[in-house]
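The lines below spell out each chain.
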Amino acid sequence: MKYSAFIPSSLFLCIIISLLSFSFQAALAHEDLLQCLSHHISNSTIPFAKLIYTQNDPSYSSILNCSTQNPRFSTPSTPKPLIIVTPSSASHVQAAVYCCRKHSLRIRTRSGGHDFEGLSYVSQVPFVVIDLRNLSSITVDVNGKTSWVEAGANIGELYYRIAENSKDLGFPAGVCHTVGVGGHFSGGGYGDLMRKYGLAADNIIDARLVNADGKLLDRESMGEDLFWAIRGGGAASFGVVLAWKIRLLPVPSTVTIFIVDRNLERNETMKLVNRWQYVADKLDENLFMLLRFTTVNSREVEHNKITIQATFNSVFLGGVDSLLPLIEMNFPELGLKREDCTEMSWIESVHYSAGFSGGNLEDLLNRTPQQRIWPFKAKVDYVKKPIPKKVLETMLERLYEEEVGMGLIQFFPYGGKMSKIPASEIPFPHRAGYLFKIQYYVLWEEGEGEATGAGERHMNWVRSVYNYMTPYVSTNPRGAYLNYRDLDLGKNNEEGPTSYEQARIWGEKYFGNNFKRLVHVKTKVDPMNFFRDEQSIPPLPLPGVNKNHNYGLGYELSYYYTSFWTRNSHLAICRAIYNKLKCLM
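The protein appears in an unreviewed UniProt entry as Xanthine dehydrogenase C subunit from Trema orientale. The record in UniProt for the protein states the following under Cofactor (unreviewed entry): "FAD". Taken directly from UniProt, the Sequence similarities (unreviewed entry) text for the protein runs: "Belongs to the oxygen-dependent FAD-linked oxidoreductase family."

Would you explain the overall build of the protein in this entry?
Each helix and strand in the protein was counted, giving 19 helices and 18 strands. By the burial criterion, 56% of the 585 residues in the protein qualify as buried. Residue pairs in contact within the protein that sit at least 24 positions apart in sequence constitute 72% of those at least 6 positions apart. Split by element, the accessible area of the protein, about 24700 Å² in all, is 51% carbon and sulfur.

Looking at this structure, how should I read the confidence of the model for the protein?
For any part of a model where pLDDT is low, the fine detail of the predicted coordinates should not be relied upon. Summary statistics for the protein give a mean pLDDT of 88 and a share of 85% for residues scoring 70 or more. Taken as a whole, residues 1–8 scores under 50 in pLDDT and shows five contacts with residues more than four places along the chain or in a different chain. Ignoring residues within four places in sequence, the model shows residues 14–23, a span with pLDDT below 50, making 12 contacts including any to other chains.

Would you explain the pairing of strand 18 (residues 436–443) in this entry?
Successive residues of a regular strand alternate their side chains across the two faces of the sheet. Counting buried positions along strand 18 yields eight of eight residues, so the element is predominantly enclosed. On strand 18, burial covers both faces: F436, I438, Y440 and V442 on one face and K437, Q439, Y441 and L443 on the other are all buried. Looking at chain direction, strand 16 (residues 376–383) and strand 18 are connected through eight bridges and run antiparallel. Its bridge partner being in strand 18, V380 is matched across the sheet by Q439. The pairing of strand 17 (residues 407–413) with strand 18 spans seven bridges and is antiparallel. From the neighbouring strand, I409 faces strand 18, where its bridge partner is Y440.

Is there a simple way to explain the environment of T254 in this structure?
For T254, the position within the fold is in the loop between strand 11 (249–250) and strand 12 (255–263). The spatial distance from the C-alpha of T254 to the C-alpha of E348 is 9.8 Å, given a sequence separation of 94 residues. In this structure, T254 is in contact with L317, G318, G319, E343 and M344, ignoring residues within four places of it in sequence.

Quick question: what am I supposed to make of helix 12 (residues 346–353) here?
Because the α-helix completes a turn every 3.6 residues, residues three or four places apart line up on one side. Considered for burial, the residues of helix 12 that qualify are W346, I347, S349, V350 and H351. Along its buried surface, helix 12 packs onto helix 5 (155–165), strand 7 (169–170), strand 12 and strand 15 (341–344). In the stretch just after helix 12, G355 is the one whose phi turns positive, near 105°.

I would appreciate a short explanation of the pairing of strand 6 (residues 146–150) in the present structure.
Within strand 6, four of the five residues are buried, which leaves the element mostly enclosed by the surrounding structure. Where strand 5 (residues 138–141) folds back on strand 6, the antiparallel hairpin that results is connected by four residues, among which K145 adopts a positive phi of roughly 55°. As defined by bridge partners, strand 6 adjoins strand 10 (residues 240–247) across five bridges and the pair is classed as antiparallel. Directly across from W148, in strand 10, lies its bridge partner K245.

For this particular structure, what's the right way to read the nonpolar core?
Ranked by size, the top nonpolar core spans 132 residues in total, and within it F185, I230 and F312 carry the most contacts. Counting only domains with at least three residues in this core, you end up with domain 2 (138–250) and domain 3 (255–342 + 373–469). Ignoring anything within four residues of it in the chain, the contact list for F185 reads V149, I155, L158, F171, A173, A200, A201, I204, G232, W244 and I246. One finds V97, L135, A212 and F530 within the second-largest nonpolar core, a separate group that totals 29 residues.

Got a minute to help me understand the side chain of D281 in this structure?
When you line up the elements, D281 lands in the loop between helix 10 (267–279) and strand 13 (287–297). Taking relative accessible area as the criterion, D281 reaches 14% and is therefore assigned buried.

Would you mind going over the state of the cysteines with me for this structure?
Put plainly, a disulfide is one covalent bond tying together the sulfur atoms of two cysteines. A complete count under the given rule lists one disulfide for this structure. For C36, the disulfide goes to C99, at an S-S distance of 2.1 Å. For the disulfide bridge between C36 and C99, the dihedral angle about the S-S bond is near -85°, and by the sign convention the bridge is left-handed. With C36 in helix 2 (residues 22–40) and C99 in helix 4 (residues 90–102), this residue pair connects regions lying 63 residues apart in the sequence. Note on accessibility: C36 and C99 belong to one class, buried.

Could you clarify how one ought to interpret the packing of helix 10 against helix 13 (residues 389–397) in this entry?
Helix-helix packing: each pair is described by the crossing angle between the helix axes and the interaxial distance. The geometry of helix 10 relative to helix 13 is characterised by a closest axis approach of 10 Å and an angle of 115° between their N-to-C directions. Considering the angle they form, helix 10 stands roughly perpendicular to helix 13. Like other packed secondary-structure pairs, helix 10 and helix 13 cross with a definite hand, here right-handed. From helix 10, M270, K271, V273, N274 and Q277 reach across to helix 13, where they touch K389, L392, E393 and L396. Partitioned by chemical class, the residues of the contact of helix 10 with helix 13 number four nonpolar, two polar and three charged.

Is there a simple way to think about the sheet that holds strand 6 in this case?
An order of 5-6-10-8-9 is seen for the five strands of this open sheet, with the pairing classed as antiparallel. With partners counted over all chains shown, the strands left at the sheet margins are strand 5 and strand 9 (216–217), one partner each. Two strands pair when backbone bridges link them, and strand 8 (residues 204–210) and strand 10 are joined in this way by six bridges, in the antiparallel orientation. For D206, the partnering residue across the bridge sits in strand 10 and is K245. In the packing of helix 4 onto the sheet, contacts are made with strand 8, strand 9 and strand 10, and the angle to strand 10 comes to roughly 140°. Each of strand 5, strand 6 and strand 10 touches helix 5; the most contacted strand, strand 5, lies at about 35° to it.

I'm lost on the pattern of salt bridges in this one. Help?
Note that side chains of opposite charge can pair when their charged atoms are close. Summed over all chains, the structure comprises 30 salt bridges. Its salt-bridge partner being E456, residue R463 comes within 3.0 Å of it at the nearest N-O pair. Look at E456 and you get partly exposed, because its relative accessible area is 41%. Bridged by salt links that share partners, the residues R72, E117, K377, K379, E456, R463, D486 and D488 form one connected network.

The rules behind the values
- Within each chain, residues carry numbers counting from 1 in the order of the written sequence.
- Where local features are concerned, this predicted model is filtered to residues with pLDDT of at least 70; where side-chain atom pairs are given and counted, the filter is 80 or more; whole-chain, interface and lining totals use all residues.
- Side-chain metrics in this entry use all non-hydrogen atoms of the structure; hydrogen atoms and water are not considered.
- UniProt positions are given in the numbering used here, feature names are shortened, and annotations may be inferred rather than shown by experiment.
- Here a strand is any run of E in DSSP of at least two residues, a helix any run of H or I of at least four, and the numbering for each starts at the N terminus.
- When accessible area is computed with a 1.4 Å probe and restricted to protein chains, residues below 20% of their type maximum are described as buried, those above 50% as exposed, and intermediate ones as partly exposed.
- In this analysis, two residues are considered to be in contact whenever any of their non-hydrogen atoms come within 4.5 Å of each other.
- Reported accessibility uses the Shrake-Rupley method at a 1.4 Å probe radius. Residues are deemed covered only where the shown protein chains occlude them.
- Known as pLDDT, the predictor's confidence for each residue is given on a scale from 0 to 100.
- Only strands that DSSP links by at least two bridges are regarded as paired with each other.
- By convention a nonpolar core is built from buried Ala, Val, Leu, Ile, Met, Phe, Trp, Tyr and Cys residues, the set being connected through side-chain atoms within 4.5 Å.
- An automatic or database domain assignment supplies the start and end points of every domain.
- Cysteine sulfur atoms are paired as a disulfide whenever they fall within 2.5 Å.
- Each axis is a line fitted through C-alpha atoms, and for a helix only the stretch in contact is used; angles between axes span 0 to 180 degrees, taken between their N-to-C directions.
- Just so you know how the angles are binned, under 35 degrees is roughly parallel, over 145 roughly antiparallel, 65 to 115 roughly perpendicular, and the rest oblique.
- Whether a crossing is left-handed or right-handed is set by the direction in which the near helix is turned from the far one by less than a right angle, anticlockwise for left-handed and clockwise for right-handed.
- Gly counts as polar in this scheme, as do all residues outside two lists: the nonpolar Ala, Val, Leu, Ile, Met, Phe, Trp, Tyr, Cys and Pro, and the charged Asp, Glu, Lys and Arg.
- Salt bridges are defined by distance alone: a side-chain nitrogen of Lys or Arg within 4 Å of a carboxyl oxygen of Asp or Glu.

See below:
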């Protein structure tokens, strides 16, 4: 065969290249990138050293770790970015996109760092983190009932600024005040107001985004397809969102909260839990009643026996005099009493739901979580018909397998406004017909996982509960939520493109029938797949290119070259290049 003499020498050359020093290659990429960034942001009023942090910078580790919200991804073996960019203007982001694209480096965009699988600050190939912490300004237009909020702001800051300007306006987003609005809004974003007003993404009316070409776009210039995609489809697949314009919504002067605990060692409590399934999504849309299960040390029996506790946690948009008859009419089994309830303002309820039992509302401005951060793993399901009582019992008994307080199962009710918004309105598809969402969650002591294998043991507990529930939750597809990212569902290929059929395995779980449209938008706005991660939306193959290889040999060789020196897979990559060369001989 005419290529037989060439192939061994090519393979030998590839092996030699693959053995080049990691430090030498990293230094080249590092210096080239720094020169590019220095050139393109040289006219900045902020010193270069305050915008760019290299691995040799004394502040590098603190900048990287202060927004890392899952210690699973802050171990010594976790891949680290070559550079952290902390832009303070749109031009800095544009420069980072341009330079990373020029030098074949991946980008991870981080606003609050709450990505469940660490994808906003971890990559298995050479990468740069764009940390939006300095893009956090918030302007509130009370008369227009709108706000522009930059993507690096946290939702606690947003809530505080809204209340600072108006006591009658609010916004439907999450309860954890340290979550960044950039990722939270782009994946959907839900909280206590979802049954009244829908998701955060349902109430976005404009955005500013830097695309793969480095252009700064707003809703008009990006077009309705891209604007549709970034509201619930994960903006990181399409660009870097710099700011959102949101619709502010009316809240009453008084809201009522209650927390009612019931131990499952009492027979009537299981009946109460079962009844919740039938009423929670049908209650008045002003009432949000979350149901949480965990193990506690019971004081009702001897020797502090461990039992499962059910907690009914509710926010009602109105006073207690309106709430009590509503509960008595629709859910009398709960036995709610006036003394269980507390009236307060909406912003005070936000403060309380964020976990602050006292203190000042200014706590919401604190970007540091008030509680200790432990490694965790979570999975999610959607329920379209009530779960049999016996199955509920068995599922909850699984909590006994975990250490006290380490395992958690939560039910989030749907219905209300969520059932009135069409499933195709934005990429988030879980609307009419969904009763509630289940979250399975486990955390463990930091440091014990790698040394003892405890981390994998705890994660397997979550997976076992999830597997047990397979026949009793949504199917075809089994639903998932992008903001509860779960790489167990599937991943894109690290090397080369991912096919549509491969990606739809996880894509349709997150997006249902909207996944197909997301792929078409991606193909249109980022055909070369610059913005990519383990679960980013893949583009369709380019016209005239083999359907299995979107970008041809040149792209793949470049990709392998820029990625092999960060992994221990040199020979595997060489074999891939070897096989590519054979096809062309």
